[in-house]
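Structure assessment
Residues per chain, in single letters:
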Amino acid sequence: MNKPEIIRTVYPRLPDLADEDSISAIATMESGERDFAAAAPNERLAYLKALCLKAMTYLGHARFSPRETPRRMRLRIAEEMELSAQFANVLDIHPVEKSRIVCQVREFLGLRACDQTAREDVETWLENGTAREEGDLLPVVNAAIRRFREIAVELPPFQIVTAAAENALRRADERIQEEIHGGLSIEAARRLDEVLSQKEGQTPLDRFKGEARSPSTVNISTELQRLKELESYLP
């Protein structure tokens, strides 16, 4: 199963080069958000709270540092908070300080940290839905991303999202196979096993494989006869 690249999925990423419309969509603050950030004890913390709030709102997680956010976004946050543009030059934050801010932002946004229970819940949801309908990994990964956001759980790293989608696809496939097997009669199951059993590296179906021939009367007649022979092998 080929794993999709992150750029082919809906996993959110901050743009490296953002135009004004993109920055406005990401960094424009509502009054309640300003009040939340402004409650910090000093301007530097107010700026960092605002930056983390808008980045987490957009990304759905807190795995970023100020230096990884676009400069135009940092400048816009300072402007929105009516703070000096010099705060856009704050590129680092101490892990303990960031942890405190993230906890506050998480509570404000109503997010909960992703744990094993949340991942298993998403896998089960996928198994009962998208994973039963799709054979490709990409749409299942995208469905997992959307599901994490729907249930207000912080997005785990992309590799974990992909692993959840893979597990759901595997389990859905196993369930479908069990349902098919359970729906077969004993005789039908026996005949199907005979068709799929390999002898000397081939199955009985291999003798019917071959390149398509030109649509002449003789070839069509031959192919019809081969199809009739094939029917005798099927349940």
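Coordinates for the structure precede this section.
For the structure given in this document, a descriptive report is provided here. On a predicted model such as this, the values are computed, not experimentally measured, just so you know.

This part covers the overall build of the chain. When helices and strands are tallied, the chain shows 11 helices and 0 strands. Seen in sequence order, the chain has helices and strands lined up from the N terminus as α-α-α-α-α-α-α-α-α-α-α. Classification of the 235 residues of the chain by burial places 38% in the buried group. The long-range fraction of contacts in the chain, counting pairs at least 24 apart against all pairs at least 6 apart in sequence, stands at 71%. Carbon and sulfur atoms make up 50% of the accessible area of the chain, which totals about 14200 Å².

Applying the stated criterion to the full structure yields 3 aromatic pairs. Where Tyr 47 meets Phe 87, the ring centres are 5.9 Å apart and the plane angle is 25 degrees; that geometry is what we call stacked. Taken as a pair, Tyr 47 in helix α3 (residues 43-59) and Phe 87 in the loop between α4 (71-80) and α5 (95-109) lie far apart in primary sequence, 40 residues in all. Of the two residues, Tyr 47 and Phe 87, neither departs from the other in class, the shared state being buried. Positioned above the aromatic ring of Phe 64, the side-chain terminus of Lys 98 is 4.8 Å from the ring centre.

Next up on the list: unusual backbone geometry. A positive phi is found at Glu 82, a non-glycine position, where the angle reads about 55 degrees. Structurally, Glu 82 is set in the loop between α4 and α5. What makes Glu 82 exposed here is its relative accessible area of 74%. One non-glycine residue with positive phi stands out, namely Ala 152, at about 60 degrees. Along the chain, the position of Ala 152 falls in the loop between α8 (137-150) and α9 (158-183). Residue classification places Ala 152 among the partly exposed positions, given a relative accessible area of 24%.

What follows deals with the side chain of Lys 54. By the element assignment, Lys 54 lies in helix α3. Take Lys 54: its relative accessible area is 6%, and that puts it in the buried class. When near neighbours in sequence (up to four residues on either side) are disregarded, Lys 54 contacts Ile 26, Ala 27, Thr 28, Met 29, Glu 33, Met 73 and Ile 77.

Here we come to α3. Under the 1.5 Å per step criterion, the end-to-end length of α3 is 24 Å for 17 residues, consistent within 8% with the ideal 24 Å. Most of α3 is tucked away, with 13 of its 17 residues classed as buried. For α3, the capping residue at the N-terminal end is Asn 42, with a side-chain oxygen 3.2 Å from the backbone nitrogen of Arg 44. Just beyond α3, the residue with positive phi is Gly 60, at close to 85 degrees.

Where α3 meets α4, the axes come as close as 10 Å, and the angle between the chain directions of the two elements is 120 degrees. Viewed along their axes, α3 and α4 adopt a mutual orientation that is oblique. As for the relative orientation of α3 and α4, their crossing is right-handed in sense. Residue-level contacts link Tyr 47, Ala 50, Leu 51, Lys 54 and Ala 55 of α3 to Met 73, Arg 74, Ile 77 and Ala 78 of α4.

Summarising the element assignment, Gly 32 is placed in helix α2 (residues 31-38). Residue Gly 32 is classed as partly exposed on the basis of its relative accessible area, which comes to 36%. Considering only alpha carbons, one finds Gly 32 and Phe 108, 76 residues apart in sequence, at a separation of 10.0 Å.

The subject of this paragraph is the nonpolar core. In this structure, Tyr 47, Met 73 and Ile 77 are the most contacted members of the largest nonpolar core, which totals 35 residues. Among the elements of the structure, α1 (20-27), α2, α3, α4 and α5 are those that each provide at least two residues to this core. A per-element tally of this core places α3 first, with 11 residues. With residues up to four places along the chain from it excluded, the contact list for Tyr 47 reads Arg 74, Ile 77, Ala 78, Leu 83, Phe 87, Ala 88 and Val 90. Counting 20 residues, the second largest nonpolar core, distinct from the first, contains Ala 118, Ile 145, Phe 158 and Ala 168.

On the secondary structure map, Lys 49 appears in helix α3. As a buried residue without a salt bridge, Lys 49 has its nearest oppositely charged side chain in Glu 107, at a separation of 9.5 Å. A polar contact of 3.0 Å, which involves the side chain of Lys 49, links it to the backbone oxygen of Phe 36. With residues near it in sequence (within four places) discarded, Lys 49 still touches Phe 36, Ala 37, Ala 40, Ile 101, Gln 104 and Val 105.

Quick notes on the rules
Residues numbered from 1 in each chain as written. Predicted model: local features only at pLDDT ≥ 70, side-chain atom pairs only at ≥ 80, totals over all residues. Heavy atoms only, no water. Helix = DSSP H or I, 4+ residues; strand = E, 2+ residues; numbered from the N terminus. Buried < 20%, exposed > 50% of the residue type's maximum accessible area, 1.4 Å probe, protein only. Contact = heavy atoms within 4.5 Å. Areas by Shrake-Rupley, 256 points an atom, 1.4 Å probe, with all protein chains shown as cover. Phe/Tyr/Trp six-rings, centres within 6.5 Å; stacked < 30°, edge-to-face > 60°. Lys NZ or Arg CZ within 6 Å of the ring centre and 35° of its normal. Expected span 1.5 Å × (residues − 1). Polar contact = N/O pair within 3.5 Å; in protein donor to acceptor, adjacent residues only side chain to side chain. Axes fitted to C-alpha atoms, helices over the stretch in contact; angles between N-to-C directions. Parallel < 35°, antiparallel > 145°, perpendicular 65-115°, else oblique. Left-handed = near helix turned anticlockwise from the far one by under 90°. Core = buried A, V, L, I, M, F, W, Y, C linked by side-chain atoms within 4.5 Å. Lys, Arg positive; Asp, Glu negative; His and termini not counted. Salt bridge = Lys/Arg side-chain N within 4 Å of Asp/Glu carboxyl O.

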